[in-house]
Amino acid sequence: MTEAAVSTKIAVIIVNYRTPALALSAARALIPERAGNPTLRVVIVDGGSGDNSADVLQAGVVDPALAGWVDVLALPINGGFGWANNQAIQRLLQSDDAPDYFHVLNPDTEVEPGAVSALRDVLDRHPRCGAVGSLLLNEDGSLSGSAFGAMSPLRELVRGARLDAMRRVLGIKPMLVTEPGEADWVTGASTMFRGAALKQAGLFDTGFFLYFEEVELMWRLAKAGWSIRHEPVSRVRHIGGASTGINYDRKVARTLPPLPRYWYEARRRMYARTRGRTGAILAGSYWVVGHALFLARRTVGLGGKHVPVANEARDLLRHGILPSAADLRPHVARWDDAIDQPPAWMAVD
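Nothing here was measured: the structure is a model prediction, and the numbers come from that model.

Caption draft 1: Structural context of the overall build of the chain. Regarding its fold elements, the chain presents 12 helices and 11 strands. Computed over its C-alpha atoms, the radius of gyration of the chain comes to 20 Å, within 12% of the 20 Å expected for a compact globule of 349 residues. Along the first, second and third principal axes, the C-alpha set of the chain runs to 60 × 45 × 40 Å. Burial analysis of the chain (349 residues in total) assigns 52% to the buried set. A fraction of 82% describes how many contacts in the chain between residues 6 or more apart in sequence connect residues 24 or more apart. When the accessible surface of the chain is totalled, it reaches about 15400 Å², and 56% of it is carbon and sulfur. Between the averaged position of the 39 positive side-chain charges in the chain and that of its 36 negative side-chain charges there is a distance of 9 Å.

So, in structure tokens, the structure goes:
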């Protein structure tokens, strides 16, 4: 263990919403990581679950294996993923013992040995890296999506058409990034952020409730001159959808369950913030065109193994194309903002 590793302060933030047993299990999986990161601490944030989650968590961290380095922050409202993470980050950055790095970790995960240290090492080696993400594995050990290329209107055309040949013709790089190195964004299920980068670019935008908030944050980090990296040596098992219920077996489903309205609204806001009003409209419209091509191919048996989401075109047309005035307004939290301010998405226009 290097002297730098000993002195580097890391805070792991786990946001819980009605899955306290999973959150505590995720914290326990971090116990071996403390050998290489003696200053490691964990904050389990209960995002206003409205059940007995906070009590279960408080009772769980009394366990001698967790006591002294795992704390619980119980929030009064369900302000969403980004807002809940912000509450912990702001408190920690405003403290007298602020961490250097913040590892945002989903409660439905289990880090493999060395996962935290691998992310720390990337930030240590690359001083202009603002965020680095882990390699995510499904429950069965298969690879899950972890790191990605930039989201764009043309990529939405390809995504709607579900046709890789179209991507190649258009000269678009593959969406998934599998090799170690730079990416446009990495999934927020397991990402370590540099505190200095968050201070400069801002924390999560509280105009998002859930989904796509990490895409917008990493876009801001890149605009501020920070890189985003993928580190497959950091391996994390991920159940997925434990809190939201958005989880299904694509291998057996013929039609996937519909996505919630807030998924489309978050996607719309992400495009409005990163591509502007015109870009957001084009992204949604191009997806619809691509989807029409997919349905036409599917009617003649050329749809491949792709499984459509129920009512996806209808719901995107209703909720995902035309950005509102609120979508275009930034609501970026700052590290030194007053704590416990409600998220912007809750405000009434």
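Caption draft 2: Region of the structure containing the pairing of strand β6 (residues 129-137). Counting buried residues along β6, 9 of its 9 residues qualify, which places the element largely inside the surrounding structure. Pairing between β6 and strand β11 (residues 227-238): 8 bridges, direction parallel. Paired with Val-132 across the bridge in β11 is Arg-229. Bridge count for β6 against strand β10 (residues 190-194) is 3 bridges, and the pairing is antiparallel.

Caption draft 3: Highlighting the pairing of strand β4 (residues 101-105). When you tally the buried positions in β4, you get 5 out of 5 residues, the bulk of the element. Side chains of β4 alternate between two faces, with Tyr-101, His-103 and Leu-105 and Phe-102 and Val-104 buried alike. The pairing of strand β1 (residues 10-16) with β4 spans 5 bridges and is classified as parallel. Pairing of Ile-10 across the sheet is with Tyr-101, part of β4. Where β4 and β10 come together, 5 bridges link them in antiparallel fashion.

Caption draft 4: Up close: the packing of helix α6 (residues 153-161) against helix α10 (residues 261-299). Running from amino to carboxyl end, α6 crosses α10 at an angle of 35°, the nearest separation of the two axes being 6 Å. With respect to the hand of their crossing, α6 and α10 are arranged in right-handed fashion. Here the contact of α6 with α10 is built from residues that sort into 12 nonpolar, 4 polar and 5 charged.

Caption draft 5: Up close: the packing of α10 against helix α11 (residues 312-319). One can describe the packing of α10 onto α11 by two numbers: an axis separation of 10 Å at closest approach and a directional angle of 135°. Considering their axes alone, α10 and α11 lie oblique with respect to each other. Of the two elements, α10 crosses α11, and the hand of that crossing is left-handed. In this structure, α10 contributes Arg-261, Tyr-264, Glu-265, Arg-267, Arg-268, Gly-284, Trp-287, Val-288 and His-291 to the contact, and α11 contributes Glu-312, Ala-313, Asp-315, Leu-316, Leu-317 and His-319. In the contact of α10 with α11, the residues fall into 6 nonpolar, 3 polar and 6 charged.

Caption draft 6: Region of interest: the layout of surface pockets. Its volume calculated, the second largest pocket comes out at about 430 Å³. Forming the walls of the second largest pocket are 18 residues, and the residues nearest its centre are Gly-207, Arg-269, Ala-326, Asp-327 and Trp-345. Going through the elements one at a time, α10 and α12 (325-328) are the ones with two or more residues in the lining of the second largest pocket. Ranked by residues supplied to the lining of the second largest pocket, first place goes to α10 with 5 residues. Of the residues assigned to the lining of the second largest pocket, the class counts are 9 nonpolar, 3 polar and 6 charged.

Caption draft 7: Structural detail: the confidence of the model for the chain. Summary statistics for the chain give a mean pLDDT of 94 and a share of 93% for residues scoring 70 or more. Segment residues 248-252 is flagged for pLDDT under 50; beyond a separation of four residues in sequence, or across chains, it makes 6 contacts in the model.

Caption draft 8: Region of the structure containing the pattern of salt bridges. Scanning the model with the defined rule gives 23 salt bridges in all. Residues Asp-340 and Arg-91 are paired through a salt bridge, measuring 2.8 Å at the closest nitrogen-oxygen approach. In this pair, Asp-340 is assigned in the segment after α12 and Arg-91 in helix α4 (residues 81-93), connecting sequence segments 249 residues apart. Beyond isolated ion pairs, a larger network of salt bridges with shared partners links Glu-156, Arg-159, Arg-162, Arg-267 and Glu-312.

Caption draft 9: Broad picture of the side chain of Ser-227. Here Ser-227 is to be found in strand β11. Beyond its immediate stretch of four places on either side in the chain, Ser-227 contacts Arg-128, Cys-129, Gly-130, Ala-131 and Glu-182.

Caption draft 10: How the structure looks around unusual backbone geometry. For Arg-162, which is not glycine, the phi dihedral falls at a positive 50°. Residue placement: Arg-162 occurs in the loop between α6 and α7 (164-170). A positive phi is found at Asn-311, a non-glycine position, where the angle reads about 60°. Its location among the elements puts Asn-311 in the loop between α10 and α11.

Rules used throughout
- Residues numbered from 1 in each chain as written.
- Predicted model: local features only at pLDDT ≥ 70, side-chain atom pairs only at ≥ 80, totals over all residues.
- Heavy atoms only, no water.
- Helix = DSSP H or I, 4+ residues; strand = E, 2+ residues; numbered from the N terminus.
- Rg over C-alpha atoms; globule rule 2.2 N^0.38 Å.
- Buried < 20%, exposed > 50% of the residue type's maximum accessible area, 1.4 Å probe, protein only.
- Contact = heavy atoms within 4.5 Å.
- Areas by Shrake-Rupley, 256 points an atom, 1.4 Å probe, with all protein chains shown as cover.
- Lys, Arg positive; Asp, Glu negative; His and termini not counted.
- Charge placed at Lys NZ, Arg CZ, Asp CG, Glu CD.
- Pairing = 2+ DSSP bridges.
- Axes fitted to C-alpha atoms, helices over the stretch in contact; angles between N-to-C directions.
- Left-handed = near helix turned anticlockwise from the far one by under 90°.
- Nonpolar A, V, L, I, M, F, W, Y, C, P; charged D, E, K, R; others polar.
- Parallel < 35°, antiparallel > 145°, perpendicular 65-115°, else oblique.
- 1 Å grid on protein atoms, 1.4 Å probe; cavity = no way out; pocket = protein on both sides within 12 Å on 5 of 7 lines; lining within 4 Å.
- Points joined across faces, edges and corners; volume = space filled by probe spheres on them.
- pLDDT = per-residue confidence, 0-100.
- Salt bridge = Lys/Arg side-chain N within 4 Å of Asp/Glu carboxyl O.

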